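Results of the structural survey
For reference, the chains in residue letters:
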Amino acid sequence: MYADSLNYRDGKKEIGIIPKKGEAMGTCATFSRKYICCRVHVLRTVQNCPFECSYCFLQHYLTDGLTKAVDDTATLMQEVKEKISRQPRRLFRIGTWELGDSLALEEKTGQAAGLVREFARLDNAVLELKTKSDCVEPILGLEHRGKTVVSWSLNTGHVIETEEHLTPSLGSRLQAMGRAAAAGYLIGLHFDPMILYEGWEQGYESLARQVSEAVPHEQIAWISIGSLRFNPAMKKTIENNYPGTRLTCAEMVTGDDGKMRYVKPLRVGMYRHMYAVLKKYISGNPLTYLCMERWDVGCMGQGIRPAS
Ligand code: SF4
């Protein structure tokens, strides 16, 4: 069993450049009417990721031992342009992170830079690059015309050290965020997945404070908050791939979407705390929404807005 996990983790080091096959743009795979939906669209430009987050759902689906990047920007953009032209009065938010990290491979692929240049010319779409990396150098000098939001998936130092293996430290991510903001990009903040551990309240408060010092508040485009969730069948996979993890020790319940989460009172408490510390440190009341949560939980989240 452990040999399988080593194969999985070793395979993530190889990068394959592939042509576009079939449809690349679609809606978020987790769409369900029972859950709050931010209506983001996805552009599947990468498959798998060089980082190793113990909670990553990709370990359950992408086990062919290769990280892949689509090299065909022109064909990707042809599909994007064709689809957004059908609804010219709608502003599309299109993210490239459904099956990987938007910037982690950028120094090798140059893919995100190509997309930033293309989206700068579109009237009714915004590109969202979501990352845990600190790789912003290749996109800093681009003429993005405010049509790309660079977002960071953020967590406490404790969670980064214990569960987000091989990812850059919080300090490196925040430094990269400051550089992207200085280059004029709007910034997205994703506090997801929040994870319970002893001292989590102080950890997330410290995180909110550090983020507030790293980026001009008026450049924050949106904030999302979510908590740990995974498919029940993933429990064994996580334990095999990451034997030291504490993620699977928590008491969890299965939701209407079949995913396991902390029990509702705990989740509501986590969201309220995160929202409160964000209010405390970040001015301007940026749009803040819950990711993959039921509407009734959203309504209990005191002021957190469902995005639509
Ligand atoms: S950065 Fe995202 S895609 Fe990469 S391993 Fe972590 S959760 Fe998975």
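Above this text sits the structure in question.
Residues numbered from 1 in each chain as written. Predicted model: local features only at pLDDT ≥ 70, side-chain atom pairs only at ≥ 80, totals over all residues. Heavy atoms only, no water.

1. Here we look at the overall build of the protein chain
When you go through the protein chain residue by residue, the secondary structure sums to twelve helices and 16 strands. Relative to the 2.2 N^0.38 estimate, which gives 19 Å for 308 residues, the radius of gyration of the protein chain is 19 Å and therefore close to what a compact globule would have. C-alpha atoms of the protein chain, sized along the principal axes, occupy 50 × 45 × 35 Å. Expressed as a percentage of the 308 residues in the protein chain, the buried residues total 54%. A total of about 13900 Å² of accessible surface is found on the protein chain, and carbon and sulfur atoms cover 51% of it. Charged side chains in the protein chain number 39 positive and 35 negative. The centres of these two groups are separated by 6 Å. (Helix = DSSP H or I, 4+ residues; strand = E, 2+ residues; numbered from the N terminus. Rg over C-alpha atoms; globule rule 2.2 N^0.38 Å. Buried < 20%, exposed > 50% of the residue type's maximum accessible area, 1.4 Å probe, protein only. Areas by Shrake-Rupley, 256 points an atom, 1.4 Å probe, with all protein chains shown as cover. Lys, Arg positive; Asp, Glu negative; His and termini not counted. Charge placed at Lys NZ, Arg CZ, Asp CG, Glu CD.)

2. Quick look at the sheet that holds strand β13 (residues 229-230)
Strand order in the open sheet formed by three strands is β13-β15-β14, and the pairing between neighbours is antiparallel. Edge positions in the sheet fall to β13 and β14 (252-254), since each has one partner strand and no second. (Pairing = 2+ DSSP bridges.)

3. Here's the deal with the pattern of salt bridges
Summed over all chains, the structure comprises 18 salt bridges. In this structure, Lys83 and Glu79 form a salt bridge, with 2.7 Å as the shortest nitrogen-oxygen distance. Highlighted residues: Lys83 and Glu79, both in helix α3 (residues 73-85), separated by four residues, approximately one helical turn. The exposure class of Lys83 is buried, given its relative accessible area of 14%. (Salt bridge = Lys/Arg side-chain N within 4 Å of Asp/Glu carboxyl O.)

4. Looking at the site of the ligand
Cys49, Phe51, Cys53, Tyr55, Cys56, Leu58, Gly100 and Lys132 make up every residue found near the ligand. Of the residues belonging to the shell around the ligand, the class tally is six nonpolar, one polar and one charged. (Near = heavy atom within 4 Å. Nonpolar A, V, L, I, M, F, W, Y, C, P; charged D, E, K, R; others polar.)

5. As for the sheet that holds strand β8 (residues 125-131)
What the eight strands build is an open sheet, ordered β2-β3-β7-β8-β9-β11-β12-β16; its pairing is mixed. Either end of the sheet is taken by a strand with one partner, and the two such strands are β2 (25-27) and β16 (288-290). Each adjacent strand pair in this sheet contributes to an overall mean axis angle of 25°, direction not counted. Two strands pair when backbone bridges link them, and strand β3 (residues 41-43) and strand β7 (residues 92-95) are joined in this way by two bridges, in the parallel orientation. The residue of β7 that forms the bridge with Val42 is Gly95. Against the sheet, helix α5 (residues 111-119) contacts β3, β7, β8 and β9 (148-153), and its axis sits at roughly 160° relative to β8. (Axes fitted to C-alpha atoms, helices over the stretch in contact; angles between N-to-C directions. Contact = heavy atoms within 4.5 Å.)

6. Concerning the pairing of β8
Along β8, six of the seven residues are buried, which leaves the element largely enclosed by surrounding structure. As defined by bridge partners, β7 adjoins β8 across four bridges and the pair is classed as parallel. Bridge pairing in β8 links Ile94 to Leu127. As judged from the five bridges shared by β8 and β9, these two strands associate in the parallel manner. When the sheet's bridge partners are listed, Leu129 is paired in β9 with Val150.

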